[in-house]
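Notes for the structure review
The chain contents come next:
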Amino acid sequence: MTQSKTPFIVVLSLAMTMMLGPFSMDTYLPAFPVIGESLGVSQQAVSLSVSVYVFALALGQLIGGALSDRFGRQRVLMSGLAIFALSSIVIGMSDSLNTMLGGRAVQALGAGFTLVSVPALVRDRVAGRDAAKLFSMMGFIMVLAPGIAPSVGSAILVLGSWHTIFFALAVYAVLLVPLLVRVIFTGTGKVSRAKSPKMSLLARYKLVLSTKPALPFIVWQAASFSTLMMFITYASFIYQGHFGQSPASFSMLFAANIVAMLIFNILNRALLSRLPSLRILQLATGCQAVGILLLVMAAFMEWPLYAFLPAMMLTIGSIGAISPNIQACFLEFFPTSGGTAAALLGAAQFGVAGLLSALSAMLPHTLEAVILAMAACGSVAYLMLARSIIKGRAAVEAR
């Protein structure tokens, strides 16, 4: 099945499944003060639930990806949704921080099972440029989720307590079940995937890790996503703390980066009809490198906000084209182990980004330090870009 024949309802169903991740991570952010007051702890203590979630999500993907190759996408995905829904209810009923943190860890495991199945389902259907187009179409829908999730959480808080947010997440997970069964596993979206050889979990990961040409894409994705994670972590400080903007202005400034990602996503979809996925990935990474260079100049030369913002939009927006093409290029190497490969890519992405974000708390609380941290992550992605260009030229000369 080619991407052009993939029904929109299939794309929408896969995107709505992927949206479970950002929704479960961002929807409850506006409730931090209320949660802290309710549980009798500080907001900083409540923020531990984010770190717990990120690391458990990485672990859930590592386990779920290999299991989906062994036992099938449907079993693992549905199990993940069930775990997610039940743990969300537990969190919603929690009356202590420990219960909440434990619930978030289990919730993230379920989310990991669910999220890692989606790239594998895409790889079961299409490959190469068609896969990049499908990832890009999904990304166009998915990139809206981080932007609207806090607003959804705020709206729920108006109608009920913070507990209601997690009950709503449980309902969302439950509603995905009939949609996925109808559209993906029994409807027009159903496909037969290549038969996967019977292997242990460790053997599957050994197979993926032994595919050396694919490994740079893991580093590439982790570095690029870490740049985004660093921005999300310090966005409030950058715009409200350093530039002195109001909460309302901050929302608009943050949304500008979402718009930039959408623009890059649309450009990516248009270019995929003319250029190979790797070439677009190289161009997008080059754009990110230019954006980071401008950010460093803006920070140390004390540029005003109107000059700083475009540089940040270029840096963050380029990820809208980088991420779908990395996924497509990487999964191209694994026609029968897509789940395991997607798990390793996702776990590296969230694990490395979460670790670096946590370590960045040790840095000075200044704009220059934040931008240098983003630049360090971006420089690794640029090294992967340079490596891919050199390898490409060597391959051409060898012919």
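Keep in mind it's a predicted model, so treat the numbers as computed, not measured.

In terms of regular secondary structure, the chain is built from 18 helices and zero strands. A principal-axis box enclosing the C-alpha atoms of the chain has dimensions of 60 × 50 × 35 Å. Classification of the 399 residues of the chain by burial places 54% in the buried group. In the chain, the proportion of contacts linking residues at least 24 apart, taken out of those at least 6 apart, comes to 84%. Put simply, the chain shows about 16900 Å² of open surface, and 70% of that area lies on carbon and sulfur atoms. Charged side chains in the chain number 24 positive and 10 negative. The centres of these two groups are separated by 18 Å.

Counted by the stated rule, this structure contains twelve aromatic pairs. Arranged with centres 5.1 Å apart and planes meeting at 65 degrees, the rings of Tyr-28 and Phe-32 form a pair that is edge-to-face. Neither Tyr-28 nor Phe-32 differs from the other in exposure class; each is buried. Seen from their ring centres, Phe-225 and Phe-350 are 5.2 Å apart, and the 65 degrees between their planes marks the pair as edge-to-face. Within this pair, whereas Phe-225 is found in helix α12 (residues 215-242), its partner Phe-350 is found in helix α17 (residues 338-359), the two being separated by 125 residues in sequence. The same class applies to Phe-225 as to Phe-350, namely buried. The structure contains a cluster of three or more aromatic residues connected by ring pairs, namely Phe-217, Trp-220, Phe-330, Phe-333 and Phe-334. We note Arg-70 situated over the ring of Phe-71; from NZ or CZ to the ring centre the distance is 5.1 Å.

By volume, the second largest pocket is sized at about 250 Å³. For the lining of the second largest pocket, the element with the most residues is helix α18 (residues 367-398), which contributes five residues. Of the residues assigned to the lining of the second largest pocket, the class counts are seven nonpolar, three polar and two charged.

With that settled, the discussion passes to the side chain of Ser-68. Structurally, Ser-68 can be placed in helix α5 (residues 48-71). Judged by relative accessible area, Ser-68 falls into the buried class, the value being 0%. At 2.8 Å, the side chain of Ser-68 forms a polar contact with the backbone oxygen of Gly-65.

When cut into domains, the chain gives domain 1 (1-185) and domain 2 (200-398). On the domain 2 side, the residues contacting the 32 residues of domain 1 number 39 residues. Interface area for domain 1 against domain 2, summed over the two sides, is near 3000 Å², with a carbon-plus-sulfur share of 69%. Taken together, the connections running from domain 1 to domain 2 amount to zero salt bridges. One can count three residue pairs in polar contact (both at pLDDT 80 or more) joining domain 1 with domain 2. Where the side of domain 1 that touches domain 2 is concerned, the elements lending two or more residues are α5, α7 (97-125) and α8 (128-142). The greatest single-element share of the side of domain 1 that touches domain 2, amounting to 13 residues, is contributed by α5. Tallied by class, residues from the side of domain 1 that touches domain 2 come to 20 nonpolar, six polar and six charged.

Another point: a nonpolar patch on the surface. Taken together, the side chains of Phe-55, Val-352, Leu-355, Leu-356, Leu-359 and Met-362 define a hydrophobic patch exposed on the protein surface, amounting to about 540 Å² of accessible area. Looking at the nonpolar patch, the element that brings in the most residues is α17, giving four residues. With respect to the helices, strands and loops of the structure, Leu-359 is situated in helix α17.

Angle between the axes and distance between the axes are the two parameters that describe a pair of packed helices. Remark: α12 packs on helix α14 (residues 277-300), axes separated minimally by 13 Å, with the N-to-C direction vectors making an angle of 35 degrees. Considering the relative orientation of α12 and α14, their crossing is left-handed. Taking contact as the criterion, the partners of Phe-217, Trp-220, Ser-224 and Thr-227 in α12 are, on α14, Leu-278, Leu-281, Gln-282, Thr-285, Gln-288 and Ile-292. When grouped by side-chain class, the residues that make up the contact of α12 with α14 number five nonpolar, five polar and no charged.

Moving on: the nonpolar core. Ranked by size, the top nonpolar core spans 121 residues in total, and within it Ile-238, Tyr-239, Phe-308, Met-312 and Phe-330 carry the most contacts. It is α12 that contributes the most residues to this core, 14 residues altogether. When residues are assigned to domains, this core turns out to be shared by domain 1 (1-185) and domain 2 (200-398), each giving three or more. Ignoring sequence-local partners within four residues, the contact set of Tyr-239 consists of Phe-231, Gly-244, Gln-245, Phe-250, Leu-253, Asn-257, Leu-305, Phe-308, Leu-309 and Met-312.

This part covers the side chain of Ser-277. Position of Ser-277 relative to the elements: it lies in helix α14. A distance of 2.5 Å separates polar atoms of two side chains, one belonging to Ser-277 and the other to Asn-325. What Ser-277 contacts, discounting residues up to four positions off in sequence, is Ala-132, Leu-272, Asn-325, Ala-328 and Cys-329.

How each quantity is defined
Residues numbered from 1 in each chain as written. Predicted model: local features only at pLDDT ≥ 70, side-chain atom pairs only at ≥ 80, totals over all residues. Heavy atoms only, no water. Helix = DSSP H or I, 4+ residues; strand = E, 2+ residues; numbered from the N terminus. Buried < 20%, exposed > 50% of the residue type's maximum accessible area, 1.4 Å probe, protein only. Contact = heavy atoms within 4.5 Å. Areas by Shrake-Rupley, 256 points an atom, 1.4 Å probe, with all protein chains shown as cover. Lys, Arg positive; Asp, Glu negative; His and termini not counted. Charge placed at Lys NZ, Arg CZ, Asp CG, Glu CD. Phe/Tyr/Trp six-rings, centres within 6.5 Å; stacked < 30°, edge-to-face > 60°. Lys NZ or Arg CZ within 6 Å of the ring centre and 35° of its normal. 1 Å grid on protein atoms, 1.4 Å probe; cavity = no way out; pocket = protein on both sides within 12 Å on 5 of 7 lines; lining within 4 Å. Points joined across faces, edges and corners; volume = space filled by probe spheres on them. Nonpolar A, V, L, I, M, F, W, Y, C, P; charged D, E, K, R; others polar. Polar contact = N/O pair within 3.5 Å; in protein donor to acceptor, adjacent residues only side chain to side chain. Domains from an automatic or database assignment. Buried area = accessible area lost by both parts, 1.4 Å probe. Salt bridge = Lys/Arg side-chain N within 4 Å of Asp/Glu carboxyl O. Patch = residues over 30% accessible without salt bridge, like charges linked within 9 Å, V, L, I, M, F, W, Y side chains within 5 Å. Axes fitted to C-alpha atoms, helices over the stretch in contact; angles between N-to-C directions. Left-handed = near helix turned anticlockwise from the far one by under 90°. Core = buried A, V, L, I, M, F, W, Y, C linked by side-chain atoms within 4.5 Å.

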